[in-house]
Amino acid sequence: MEGTRVVIVDDSPFSIAYIRGILERHGLEVVGEAGTLDAVKEVVKDKMPQLVTMDMTLPGTDGLECTRAIHEINKDIKVIVVSSMMDDEIVKAAKDNKVSAYVQKPIDEDSLMTAISRVMESDELYEELSDKNMEIFKESLLDGINKMAKSLITYQTEYPCEKEFESKGLTIIIGIIGKFSGRMLIDLSMKTASQLTAAIMKKETNTNEEVIAVIGELANIISGNACSVINRMNKAFGLRVAPPTIMHGESVCITAPGFHTTSVIGESEFGEILLNVGFQRGDDHWM
């Protein structure tokens, strides 16, 4: 991201100076500025920036018209709106006009740079996530079972999982959104789930409902902790987990999610626990 060529579009000298200061402190190169539609066209053609920061209210035009003009010149130029105006209608219009991100004034330096990182470092971020996510989720599962059930697990060899498979009895799926969307899945037999629940609750379980509730919350904790570790690596990931989807019963078939995932079997004193994790590039979460 350092060295990225940027044009600032704003009709306020203060805002231009303020944004310029943030960008230059982080090693970006401000190659031009503009405050009207004609000036935008001229500076973009002349400087061919990689990124444009765009105010929404401009004399005789608006940020969306300017964005369309920029993309007529070069569709690969990224536009990040930086504006005091922000509501559902205007955000939807920005998305429809291929704006890459939206930051509201007054500008928070971290928020602006996180948005720029998301937009300009997508490939690098995805590679970083792909390289490290499985180890992080494995560590989170191991740590969760160790802390909650006072037990350890050992892992077998990881393997790609791109086809449907039959559940052993209880499947918890946690959807993940953020810069990239994905899922974490845990699958185990009801016997294993019951024994694990008994160890966590320190009492025998009486109903499947209690087992399902406990394992569902365990999966939620594991995924949340793993996503927190990833977010600490780089705030641009911005990962968040959705409430668990729970399936149980005999002959339950788990379909493939449509993107690459990796599975591993964890061996525990309670039985086998399958962990499956994957993320996709796709249409990632829009800031």
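Considering all chains together, one arrives at three aromatic pairs under this definition. Note on Tyr 126 and Phe 180: the rings are 5.2 Å apart at their centroids and 70° apart in plane angle, and the pair reads as edge-to-face. A residue pair is termed long-range when its members are at least 10 positions apart, and Tyr 126 in helix H6 (residues 122–149) and Phe 180 in the loop between strand E11 (170–177) and strand E12 (181–188) qualify at 54 residues. When its relative accessible area of 16% is taken as the criterion, Tyr 126 is described as buried.

Further remarks concern the side chain of Asn 276. Note that Asn 276 resides in strand E17 (residues 271–280). Once residues within four sequence positions are removed from consideration, Asn 276 is found in contact with Cys 161, Arg 183, Met 184, Leu 185, Thr 261, Thr 262 and Ser 263.

This next bit is on the nonpolar core. Core analysis: the biggest nonpolar cluster contains 40 residues, and Phe 137, Met 184, Ile 186, Leu 196 and Leu 275 have the highest contact counts within it. Ranked by residues supplied to this core, first place goes to helix H8 (residues 208–233) with ten residues. If sequence neighbours within four positions are ignored, Leu 275 has contacts with Met 134, Phe 137, Lys 138, Leu 141, Met 184, Leu 185, Ile 186, Thr 262, Ser 263 and Val 264. Listed in part, the 24 residues of the second largest apolar core include Val 9, Val 44, Leu 64 and Ala 69.

It is worth spelling out the state of the cysteines at this point. Per the counting criterion, the structure on display carries zero disulfides. Sulfur of Cys 161: no disulfide; nearest cysteine sulfur belongs to Cys 253 and is 11 Å away.

With burial as the criterion, each face of strand E3 (residues 51–54) is covered, one bearing Leu 51 and Thr 53 and the other bearing Val 52 and Met 54. Looking at chain direction, strand E1 (residues 5–9) and E3 are connected through four bridges and run parallel. The residue of E3 that forms the bridge with Val 9 is Met 54. In this structure, E3 lies alongside strand E6 (residues 78–83), joined through four bridges in parallel fashion. Within E6, the residue paired with Thr 53 across the bridge is Ile 80.

The next thing to look at is the pattern of salt bridges. Inspection of the entire model under this criterion finds 16 salt bridges. Among the salt bridges present, the one from Arg 20 reaches Glu 33, with a minimum N-O distance of 3.2 Å. Here Glu 33 lies in strand E2 (residues 29–34) and Arg 20 lies in helix H1 (residues 13–25), a separation of 13 residues in the sequence. Taking the relative accessible area as the measure of exposure, Arg 20 reaches 26% and is therefore partly exposed. On the basis of relative accessible area, Glu 33 is assigned to the partly exposed category, the value being 42%. Taking the shortest distance from any N to any O, the salt bridge between Lys 203 and Glu 210 comes out at 2.9 Å.

When its volume is computed, the second largest pocket comes out at roughly 160 Å³. Looking at the second largest pocket, it is lined by 13 residues, and the ones nearest its centre are Ser 130, Asn 133, His 260, Thr 262 and Gly 278. Those elements giving two or more residues to the lining of the second largest pocket turn out to be H6 and E17. No other element matches the seven residues that H6 contributes to the lining of the second largest pocket. Within the lining of the second largest pocket, the residues separate by chemical class into four nonpolar, six polar and three charged.

For Ser 167, the location among the structural elements is in the loop between strand E10 (165–166) and E11. Of note is the side chain of Ser 167, whose polar atom sits 2.9 Å from the side chain of Thr 171. With residues up to four places along the chain from it excluded, the contact list for Ser 167 reads Asp 187, Val 252 and Ile 254.

This next bit is on unusual backbone geometry. Put simply, Lys 105 and Pro 106 share a cis peptide bond, and its omega is 0°. By the element assignment, Pro 106 lies in the loop between strand E7 (101–104) and helix H5 (109–120). Even without glycine at this site, Met 48 takes up a positive phi of about 45°. Mapped onto the elements of the fold, Met 48 is located in the loop between helix H2 (37–47) and E3.

Attention now goes to the sheet that holds E3. Reading across from one edge, E2-E1-E3-E6-E7 is the order of the five strands in this open sheet, with parallel pairing throughout. The strands lining the two open edges of the sheet, one partner per strand, are E2 and E7. Taken over all neighbouring pairs, the strand axes of this sheet differ in orientation by 20° on average, direction set aside. Of the strands in this sheet, E3 and E6 touch helix H3 (residues 63–73), which is tilted by about 165° from E3.

Definitions and cut-offs
- Residues numbered from 1 in each chain as written.
- Predicted model: local features only at pLDDT ≥ 70, side-chain atom pairs only at ≥ 80, totals over all residues.
- Heavy atoms only, no water.
- Phe/Tyr/Trp six-rings, centres within 6.5 Å; stacked < 30°, edge-to-face > 60°.
- Helix = DSSP H or I, 4+ residues; strand = E, 2+ residues; numbered from the N terminus.
- Buried < 20%, exposed > 50% of the residue type's maximum accessible area, 1.4 Å probe, protein only.
- Contact = heavy atoms within 4.5 Å.
- Core = buried A, V, L, I, M, F, W, Y, C linked by side-chain atoms within 4.5 Å.
- Disulfide = S-S within 2.5 Å.
- Pairing = 2+ DSSP bridges.
- Salt bridge = Lys/Arg side-chain N within 4 Å of Asp/Glu carboxyl O.
- 1 Å grid on protein atoms, 1.4 Å probe; cavity = no way out; pocket = protein on both sides within 12 Å on 5 of 7 lines; lining within 4 Å.
- Points joined across faces, edges and corners; volume = space filled by probe spheres on them.
- Nonpolar A, V, L, I, M, F, W, Y, C, P; charged D, E, K, R; others polar.
- Polar contact = N/O pair within 3.5 Å; in protein donor to acceptor, adjacent residues only side chain to side chain.
- Axes fitted to C-alpha atoms, helices over the stretch in contact; angles between N-to-C directions.

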